[in-house]
Amino acid sequence: MATQALSAAAFFVPPNPKLFSSSKPKSLSPSPNLGSPTPISGGFLLNSSVSFPGNLIGKRCIKCQAAGESSESCVYQGVYGPWTVDPSDVREVILYRSGLVTAAASFVIGASTAFLPENSSLSDSIKQNLDLIYAIGAGGLGVSLLLIHIYVTEIKRTLQALWALGVLGSLATYVRLAQPAGDNLIQYVIHNPTAVWFVGPLFAALTGLVFKEGLCYGKLEAGILTFIIPSVLLGHLTGLMDDGVKVTLLGLWMALFVIFAGRKFSQPIKDDIGDKSVFMFNALPDDQKKSLVEKLESKKLSQNLD
């Protein structure tokens, strides 16, 4: 039973959010001894023989604020025990969301040249700074991928690896191809569709991020972006999509990206944290994990018998 429970825990989908969340978990230093859970209102509290940091579990309340809305966050019941939101969690969630806003703003500014008059001063100014705008947007996305909180570590590392590969590919394309041709990076990719192979992994990482947001929170704009982003890139790469369709999809991408990034600030902070008890559990040594699962199974069995 313990082995089955551990296997299930690795892929457990908590009620809210479901599979992923943002913000980086705090490091833990649990004591080596395990004790039986102590009942609390709505769940259990690991007793003093399993000592998690006091700022993670307890009855103290703190104030959180998102999108101008204040809410008091006390104890949340997790899969493996209660947890609370602390100030560092709030900071990391805000940074995660700010990275998305930075990426969205940079993309919209850069892509706006496709809709501005060709010889306008605004268009010329943006085109002269496209490389800087691209770098800022990539940096914002990188911050969000660093702070994103995903229970399956391999998925998080894959998204980060795609981002790093895309950044290296973009840098190599800019230095070895775009500059010698007298173009900025974006113009070079527009004129040479095969360059999508080099910058594409960066947008693959973005696609993965919006996919997880759509999957977790049912965000329609994120779900649509999951299809639009690869469609535009693949359409440009293969030449199977005419310019009119690409521009239309680009405009839709811009609008949905702004909506997506802006709506993140309307969510409660705790939504982007997820179930912190899962990360507390994952930080335990294997023997302590097994002992804790056995004790929780025993408690559940005794409750069912009662």
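Thresholds, definitions, all that
Residues numbered from 1 in each chain as written. Predicted model: local features only at pLDDT ≥ 70, side-chain atom pairs only at ≥ 80, totals over all residues. Heavy atoms only, no water. Helix = DSSP H or I, 4+ residues; strand = E, 2+ residues; numbered from the N terminus. Buried < 20%, exposed > 50% of the residue type's maximum accessible area, 1.4 Å probe, protein only. Contact = heavy atoms within 4.5 Å. Areas by Shrake-Rupley, 256 points an atom, 1.4 Å probe, with all protein chains shown as cover. Salt bridge = Lys/Arg side-chain N within 4 Å of Asp/Glu carboxyl O. 1 Å grid on protein atoms, 1.4 Å probe; cavity = no way out; pocket = protein on both sides within 12 Å on 5 of 7 lines; lining within 4 Å. Points joined across faces, edges and corners; volume = space filled by probe spheres on them. Nonpolar A, V, L, I, M, F, W, Y, C, P; charged D, E, K, R; others polar. Patch = residues over 30% accessible without salt bridge, like charges linked within 9 Å, V, L, I, M, F, W, Y side chains within 5 Å. Polar contact = N/O pair within 3.5 Å; in protein donor to acceptor, adjacent residues only side chain to side chain. Phe/Tyr/Trp six-rings, centres within 6.5 Å; stacked < 30°, edge-to-face > 60°. Expected span 1.5 Å × (residues − 1). Arc of directions from axis to C-beta. pLDDT = per-residue confidence, 0-100. Core = buried A, V, L, I, M, F, W, Y, C linked by side-chain atoms within 4.5 Å. Axes fitted to C-alpha atoms, helices over the stretch in contact; angles between N-to-C directions. Parallel < 35°, antiparallel > 145°, perpendicular 65-115°, else oblique. Left-handed = near helix turned anticlockwise from the far one by under 90°.

## What to know about the overall build of the protein
Logical step 1: What the protein contains, in helices and strands, is 11 helices and eight strands.
Logical step 2: Within the protein, the fraction of its 306 residues that count as buried is 46%.
Logical step 3: Within the protein, residue pairs in contact and separated by at least 24 positions form 72% of the contacts whose partners lie at least 6 positions apart.
Logical step 4: Carbon and sulfur atoms provide 63% of the accessible area of the protein, an area that totals close to 15100 Å².

## A short note on the pattern of salt bridges
Logical step 1: Taken as a whole and judged by the stated rule, the model has 10 salt bridges.
Logical step 2: Of the charged contacts, one joins Lys212 and Glu213 as a salt bridge, the two residues approaching to 2.8 Å between their closest N and O atoms. Accessibility assignment for this pair places Lys212 and Glu213 in one class, buried.
Logical step 3: Here Asp272 makes a salt bridge to Lys264, at a shortest N to O gap of 2.9 Å.
Logical step 4: Judged by relative accessible area, which is 0%, Asp272 ranks as buried.

## Points about the layout of surface pockets
Logical step 1: Size it by volume and the largest pocket reaches roughly 1100 Å³.
Logical step 2: Around the largest pocket sit 35 residues that line it, and Phe107, Ala111, Ile186, Ile190 and Leu250 are the ones nearest its centre.
Logical step 3: Of all the secondary structure elements, the ones that give two or more residues to the lining of the largest pocket are α2 (87–111), α4 (130–147), α6 (185–191), α7 (196–217), α8 (220–238) and α9 (243–263).
Logical step 4: Across the lining of the largest pocket, the residue classes tally to 24 nonpolar, seven polar and four charged.

## Topic: a nonpolar patch on the surface
Logical step 1: Taken together, the side chains of Leu177, Trp197 and Phe198 make up a nonpolar region of the molecular surface, amounting to roughly 350 Å² of accessible area.
Logical step 2: In this fold, Trp197 is placed in helix α7.

## What about the side chain of Thr113?
Logical step 1: Counting through the fold element by element, Thr113 comes out in the loop between α2 and α3 (121–128).
Logical step 2: In this structure Thr113 comes out as buried when scored by relative accessible area, which is 17%.
Logical step 3: A polar side-chain atom of Thr113 sits 3.0 Å from the main-chain carbonyl oxygen of Gly110.
Logical step 4: Setting aside residues no more than four positions away along its own chain, Thr113 makes contact with Ser123, Ile126 and Lys127.

## Looking at the packing of aromatic side chains
Logical step 1: Under the defined criterion, the tally for this structure stands at four aromatic pairs.
Logical step 2: Aromatic rings pair up to connect Phe107, Phe203, Trp253, Phe257 and Phe260 into one cluster.

## Describing helix α11 (residues 286–305)
Logical step 1: Helix length check: α11, at 20 residues, gives a terminal C-alpha distance of 29 Å against a target of 28 Å (1.5 Å per residue), a fit within 8%.
Logical step 2: When we look at burial in α11, the residues that qualify are Gln288, Lys289, Leu292, Val293, Leu296 and Lys299. One side of α11 carries all its buried residues, which in axial view fall inside an arc of 130°. For α11, the exposed residues lying more than 90 degrees away from the buried face are Asp286, Asp287, Leu301 and Leu305.

## Re the confidence of the model for the protein
Logical step 1: Chain-level statistics for the protein give a pLDDT mean of 80 and a share of 76% at 70 or above.
Logical step 2: The spread of mean pLDDT over the elements of the protein runs between strand β2 (residues 37–40), the lowest at 36, and α4, the highest at 98.
Logical step 3: Note that pLDDT drops below 50 for residues 1–72; the model gives that stretch 181 contacts with residues more than four away or on any other chain.

## Topic: the environment of Cys216
Logical step 1: Structurally, Cys216 is set in helix α7.
Logical step 2: Between the C-alpha atoms of Cys216 and Asp272, which are 56 residues apart in sequence, the distance is 9.8 Å.

## Comments concerning the nonpolar core
Logical step 1: Residues Phe203, Leu209, Ile229, Trp253, Phe257 and Phe260 are the most contacted members of the largest nonpolar core, which totals 43 residues.
Logical step 2: Where this core is concerned, the elements lending two or more residues are α2, α4, β8 (148–150), α5 (153–181), α6, α7, α8 and α9.
Logical step 3: For Ile229, the residues in contact, after removing those within four places along its chain, are Phe203, Leu206, Thr207, Val210 and Trp253.
Logical step 4: Residues Val278, Phe281, Leu292 and Val293 belong to the second largest nonpolar core, which totals nine residues.

## Let's talk about the packing of α2 against α9
Logical step 1: Viewed as axis vectors pointing N to C, α2 and α9 meet at an angle of 155°, and their least axial separation amounts to 9 Å. Overall, the two elements α2 and α9 adopt an arrangement that is roughly antiparallel. When the axes of α2 and α9 are compared, the crossing they make is left-handed. For the pair α2 and α9, contact is made by Leu100, Val101, Ala103, Ala104, Phe107, Val108 and Ala111 and by Leu250, Trp253, Met254, Phe257, Val258, Phe260 and Ala261, respectively.
Logical step 2: Of the residues assigned to the contact of α2 with α9, the class counts are 14 nonpolar, no polar and no charged.

## Points about the packing of α5 against α7
Logical step 1: Interaxial distance between α5 and α7 falls to 6 Å at its minimum, and their mutual angle equals 150°. With respect to α7, the element α5 is oriented roughly antiparallel. Crossing of α5 against α7: the hand is left-handed. Here Leu159, Leu162, Trp163, Leu165, Gly166, Val167, Gly169, Ser170, Thr173 and Leu177 of α5 lie close against α7, whose contacting residues are Phe198, Val199, Pro201, Leu202, Ala204, Ala205, Gly208 and Leu209.
Logical step 2: Of the residues belonging to the contact of α5 with α7, the class tally is 13 nonpolar, five polar and no charged.

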